[in-house]
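Observations on chain architecture
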Amino acid sequence: MDKIYQDKVKSFFIGNRTSYGLVFNILLYLVLIAIGFVYLYPLLFMFVTSFKSPSDLLNPMVQWIPTELFLGNYIKALRVLDYSVTLPASIIVSIVPSVIQAIVCSLVGYGLARYRFPGKKLLFILLLATYIIPAQNTVIPQMLTYRDLGLLGSVWSLILPAIMGQGFKSAIFILIFYQTFQSLPKVLEEAARLDGASDIKIFLQIALPAAVPAFIISIIFSTVWYWNETFLTVIFLEGGIQTLPMQLSKFVQAYENLYPPGMVNIFDRLNEAVKLSGTFLNILPLLLMYFVLQKWFVESIERSGITGE
Amino acid sequence: MSAKRTDPRVMKHSTREAFYGYSFVIIWIIGFGIFTLVPLIQTFLYSLNQVTVSATGIDMVFVKWDNYTRALFTDPTFVQAVIEYIVETIVSVPIIIIFSLIIAMFLNLKFRFKGVFRTIFFLPVVITSGPVIKELTAQGATSIPAIANSAVVSNILEQLPNSLRTPVEYLLTSFVLILWFSGVQILIYLSSLQKIDQSIYEAAAIDGASAWEAFWKITLPSLSTTTLIIAIYTIITLSQFSENTIIKYIYGQTYAVQGGIGYSSAMSFIFFVVLIFLLAIVYLFLNYRAKSQF
């Protein structure tokens, strides 16, 4: 009797074949919470600081909890970022090329997955090459061409490469579609072919509906990547469309245009709280998107089979 | 089947298949030519010339390899940036790989609130952009201040030889940043872990293998391809990050009076070669390990 009781206590703390036991669970949660805190620290810092009033900023006693809910930083940051203009611009610049890119990549991925043709190996090598070649090795001639065509500063400078399957990180999306189409059973397509369906019809009516998850994954990931991309957007769009990250990268300059340093009182000078509320406003749309589509983001990589076998 | 002779349906089967295959990928091939191959060659030509852009067009003066020798032998900023980049990559990549493997193995266990932690660890992928990171770093939000500024740490740092000090300092000041680059990698590892057949572990346990042995003998070998993919993905991501000092320097030189397009193109190609070199090392290293394990 005593032995059974001892075993029960032991397995409660140390665990057995079916459960990990209390000690291990506590350790697990401790480690995960600690790492989670390190992960979220910059965001928490940013969020808290953005609500600090100038007097809170100077007060060393105020660390994590501001004395009041001060919204002045956000009001300034909204003006400095020109939010009502840059937010729609950012949305267009990130969503339009992403959708086009997903459509084109699905075509290319299907061609690679379902057809045998000479030079396919070479095509894969070139595909990897487009992934590896750094943007700065190809961007200047493109920029000069766009300048000659008068497309510099317009969203077309991002759409055109996307139409040709050369958008931002296109290779990854092509591989995602390739994997997706390869894992689909061929039976349906063969049956349709026997019934006399054309290749285009088979692609549109049988393959595409089965690839909806791949579309969602591609579109949300490339939206995020286009949104966050600043190297290409600065070169292609500068002088034309202003995206949020572009405006954020010249925040100081924009702030001083609106609030000239010599002209405003000390409380309206640029401080880190205003900068961080600008940063927060910059990522807020992405955060909202992430929490709404969270399931798609985290489960997507498992679904897409990008791990490659 | 009253098709004409040109109708693909009456072609030989393999020809027909190739015809349709090409028609699906043709747009990519054209795009590759226009947006990758031609610009790449053009950039290479720029790198051999002194390029000045005027309102009317581009003037090029052929200077042979001058831009390259200038970048490598007379520009200390560039060489410094390249060395820094290599050091940062060599420090970050193993940390990211090991860290994401550990986190993935945690997330592969059974416990409650798993989804919450998965959401947290993936969050940075969504918000990491150059300007955001720049602002956060500038405000000191990316290093845990208690660690990076503590007296003990700075004392230890002073004891270290210079060659070790840079990587350690980089590690301390950008610790959170390095972790922030692990989001995708964690998920890739997680999905590979879930694909390992559980019966192998059970068989090993019956044969008396401990969890530790199972990790080294089953888990790690099964993940060797994944690790290679993750390493390559990490190197590329780090090299493309727009706050990368080299990229910033090259971009700055493009419009500088002293630099110009020719000079920045030459630096782009040197950086490209360095990148390929790093990828090759990682590939050979991990591939060799992967082969020797089986």
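Given the structure is predicted, the values throughout are model-derived calculations rather than measurements. (Residues numbered from 1 in each chain as written. Chains lettered and ligands numbered in written order. Predicted model: local features only at pLDDT ≥ 70, side-chain atom pairs only at ≥ 80, totals over all residues.)

**Comments concerning the overall build of chain A**
- Each helix and strand in chain A was counted, giving 17 helices and zero strands.
- The buried share of chain A, taken over its 309 residues, is 39%.
- For chain A, the share of sequence-separated contacts (at least 6 apart) that also reach a separation of at least 24 residues comes to 77%. (Helix = DSSP H or I, 4+ residues; strand = E, 2+ residues; numbered from the N terminus. Buried ≥ 20, exposed ≤ 12 C-beta atoms within 10 Å, placed from the backbone. Contact = placed C-beta atoms within 7 Å.)

**What about the overall build of chain B?**
- Counting its regular elements, chain B contains 15 helices and two strands.
- Expressed as a percentage of its 294 residues, the buried residues of chain B come to 32%.
- Taking the contacts inside chain B whose residues are at least 6 apart along the sequence as the reference set, 75% of them involve residues at least 24 apart.

**Considerations on the interface of chain A and chain B**
- Contacts between the two partners involve 66 residues from chain A, matched on the other side by 70 residues from chain B.
- Secondary-structure elements contributing two or more residues to the side of chain A that touches chain B are helix H2 (22-50), helix H5 (83-114), helix H6 (120-132), helix H7 (139-149), helix H12 (212-228), helix H14 (244-249), helix H16 (272-292) and helix H17 (294-304) of chain A.
- By residue number, the principal contributor to the side of chain A that touches chain B is H2 of chain A, which donates twelve residues.
- Among the residues making up the side of chain A that touches chain B, the classes are represented as 43 nonpolar, 18 polar and five charged. (Nonpolar A, V, L, I, M, F, W, Y, C, P; charged D, E, K, R; others polar.)

**Section: the packing of helix H10 (residues 187-194) of chain A against helix H11 (residues 199-210) of chain A**
Residue and element names in this part refer to chain A.
- Here H10 crosses H11 at 145°, and the two axes come no closer than 10 Å. At the point where H10 passes H11, the crossing takes the right-handed sense. Counted together, Leu188, Glu189, Ala192 and Arg193 of H10 and Ile202, Ile206 and Ala207 of H11 form the full contact between these two elements.
- In terms of residue class, the contact of H10 with H11 is built from five nonpolar, no polar and two charged. (Axes fitted to C-alpha atoms, helices over the stretch in contact; angles between N-to-C directions. Left-handed = near helix turned anticlockwise from the far one by under 90°.)

**Re the domain arrangement of chain B**
All names here are of chain B.
- Examined at the domain level, chain B breaks down into domain 1 (8-62) and domain 2 (71-128 + 181-293).
- On a C-alpha basis, the centres of domain 1 and domain 2 stand 30 Å from each other.
- Counting residues at the interface gives nine residues for domain 1 and seven residues for domain 2.
- Elements that contribute at least two residues to the side of domain 1 that touches domain 2 include exactly helix H1 (13-47) and strand S1 (49-53). (Domains from an automatic or database assignment.)

**Describing the domain arrangement of chain A**
All names here are of chain A.
- Segmenting chain A into domains produces domain 1 (2-50) and domain 2 (76-304).
- The straight-line distance from the C-alpha centre of domain 1 to that of domain 2 is 38 Å.
- With four residues of domain 1 at the interface, the matching set in domain 2 holds six residues.
- In terms of residue class, the side of domain 1 that touches domain 2 is made up of two nonpolar, two polar and no charged.

**Remarks on unusual backbone geometry**
- Phi at Lys169 of chain A takes a positive value of approximately 55°, unusual for a residue other than glycine.
- Following the sequence through the fold, Lys169 of chain A ends up in the loop between helix H8 (156-163) and helix H9 (170-183).
- Judged by the 19 C-beta atoms lying within 10 Å of it, Lys169 of chain A is partly exposed.
- One non-glycine residue, Lys64 of chain B, lies in the positive phi region at around 60°.
- Note on placement: Lys64 of chain B falls in the loop between strand S2 (58-62) and helix H2 (66-74).
- Judged by the 9 C-beta atoms lying within 10 Å of it, Lys64 of chain B falls in the exposed class.

**A word on the packing of H2 of chain A against H16 of chain A**
Residues and elements named next belong to chain A.
- Orientation of H2 relative to H16, taken along the N-to-C sense of each, is 120°, at an axis distance of 8 Å. Looking at the two axes, H2 sits oblique to H16. The way H2 lies across H16 gives a crossing that is left-handed. Contact residues: H2 offers Met46, Phe47, Thr49 and Ser50, while H16 offers Glu272, Ala273, Leu276, Ser277, Thr279 and Phe280. (Parallel < 35°, antiparallel > 145°, perpendicular 65-115°, else oblique.)

**Points about helix H5 (residues 130-138) of chain B**
- Listed in full, the buried residues belonging to H5 of chain B are Gly130, Pro131, Val132, Ile133, Glu135 and Leu136 of chain B.
- Taken together, the buried residues of H5 of chain B touch H2, H14 and H16 of chain A together with helix H4 (114-127) and helix H9 (175-180) of chain B.

**A few points about the nonpolar core**
- With 116 residues, the main nonpolar core has Val108, Ile174 and Phe177 of chain A together with Tyr189 and Met267 of chain B as its most contacted residues.
- If we skip the residues at most four places from it in the chain, Ile174 of chain A touches Cys105, Val108, Gly109, Leu127 and Gly165 of chain A. (Core = buried A, V, L, I, M, F, W, Y, C linked by C-beta atoms within 7 Å.)

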